[in-house]
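Chain by chain, the residues:
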Amino acid sequence: MGDREFEIRSSTDDGAFLLDSISDLDLPYSKASLRLSQDDERRSDEHDFDYELARSKIEMKIATSTVQYEQMTRAAVERTMEKYRTDLLRVLENMNGRLVGLEKSCEQLALSVGELHTETTTQRENTDERLKALDLVSKEVARKVNILKDKMEVAETQKELEKASLETDTSTE
């Protein structure tokens, strides 16, 4: 009839290890090494002690291998998750540092813009005041120039009057 898979059942009630067949396991060793031929099963009646001993050794090996496999898998998953967690934390810390730096830069930029606005407003007001003062000064200068012109005209007119009065005095004499 050929080979058939060896079935293992735990006889304990504590549920330490219970499998319906070896094919349910995904173990790194060969399933073929756990197969018994029908002839071996028939002969097991003759050698019950050897069969039971072999069976218990296989059960122990499977249980130990399964536990070791689960432990190795769990350890590998935990190492991988720890690596990713560490990498993620490092990336998040870098991002946090960059965001803090960006925040500081934005605050400094906002302060600079505020100062520039204040300075521009102050300079514009100062420029307006200076231009008004310059306008007043230029008007004052123009007024004084006109006064000087008027004085010069008065002085010239007085000279002409004196000359004319001297000429009339000399001609009457």
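Model, not experiment: these values are computed from the prediction.

A. Representation of the overall build of the protein in the model. Looking only at helices and strands, the protein features 2 helices and 2 strands. Reading the secondary structure of the protein in the N-to-C direction produces β-β-α-α. The burial tally for the protein puts 9% of its 173 residues in the buried class. Within the protein, contacts between residues at least 6 apart in sequence are counted, and of these 60% link residues at least 24 apart.

B. Representation of a nonpolar patch on the surface in the model. Nonpolar side chains collect at one region of the surface, where L88, L89, V91, L92 and M95 lie side by side and expose about 440 Å² of accessible area between them. Along the polypeptide, L92 turns up in helix α2 (residues 48-172).

C. A look at a negative patch on the surface. Negative charge collects at one region of the surface, where D150, E153, E156 and E160 lie side by side. Within the secondary structure, E153 sits in helix α2.

D. Structural context of the pattern of salt bridges. Tallied over the full model, the rule gives 4 salt bridges. Here E82 makes a salt bridge to R85, at a shortest N to O gap of 2.7 Å. One end of the pair is E82 and the other is R85, both in helix α2 and 3 residues apart, which spans about a single turn. Accessibility expressed as a relative area gives 39% for E82, which makes it partly exposed. Across the pair R143 and E140 runs a salt bridge whose closest N-O atoms are separated by 2.5 Å.

E. Spotlight on the environment of T120. Its place among the elements puts T120 in helix α2. At a separation of 2.6 Å, a polar atom in the side chain of T120 contacts the main-chain carbonyl oxygen of L116.

F. Representation of the confidence of the model for the protein within the structure. Residues with a pLDDT of 70 or more make up 68% of the protein, whose mean pLDDT is 76. Confidence, read as mean pLDDT per element, is least for strand β1 (residues 3-4) in the protein (40) and greatest for α2 (89). Contacts for the low-pLDDT stretch residues 1-39, under 50 throughout, to residues beyond four places or in other chains number 52 contacts.

What counts and what doesn't
Residues numbered from 1 in each chain as written. Predicted model: local features only at pLDDT ≥ 70, side-chain atom pairs only at ≥ 80, totals over all residues. Heavy atoms only, no water. Helix = DSSP H or I, 4+ residues; strand = E, 2+ residues; numbered from the N terminus. Buried < 20%, exposed > 50% of the residue type's maximum accessible area, 1.4 Å probe, protein only. Contact = heavy atoms within 4.5 Å. Patch = residues over 30% accessible without salt bridge, like charges linked within 9 Å, V, L, I, M, F, W, Y side chains within 5 Å. Areas by Shrake-Rupley, 256 points an atom, 1.4 Å probe, with all protein chains shown as cover. Salt bridge = Lys/Arg side-chain N within 4 Å of Asp/Glu carboxyl O. Lys, Arg positive; Asp, Glu negative; His and termini not counted. Charge placed at Lys NZ, Arg CZ, Asp CG, Glu CD. Polar contact = N/O pair within 3.5 Å; in protein donor to acceptor, adjacent residues only side chain to side chain. pLDDT = per-residue confidence, 0-100.

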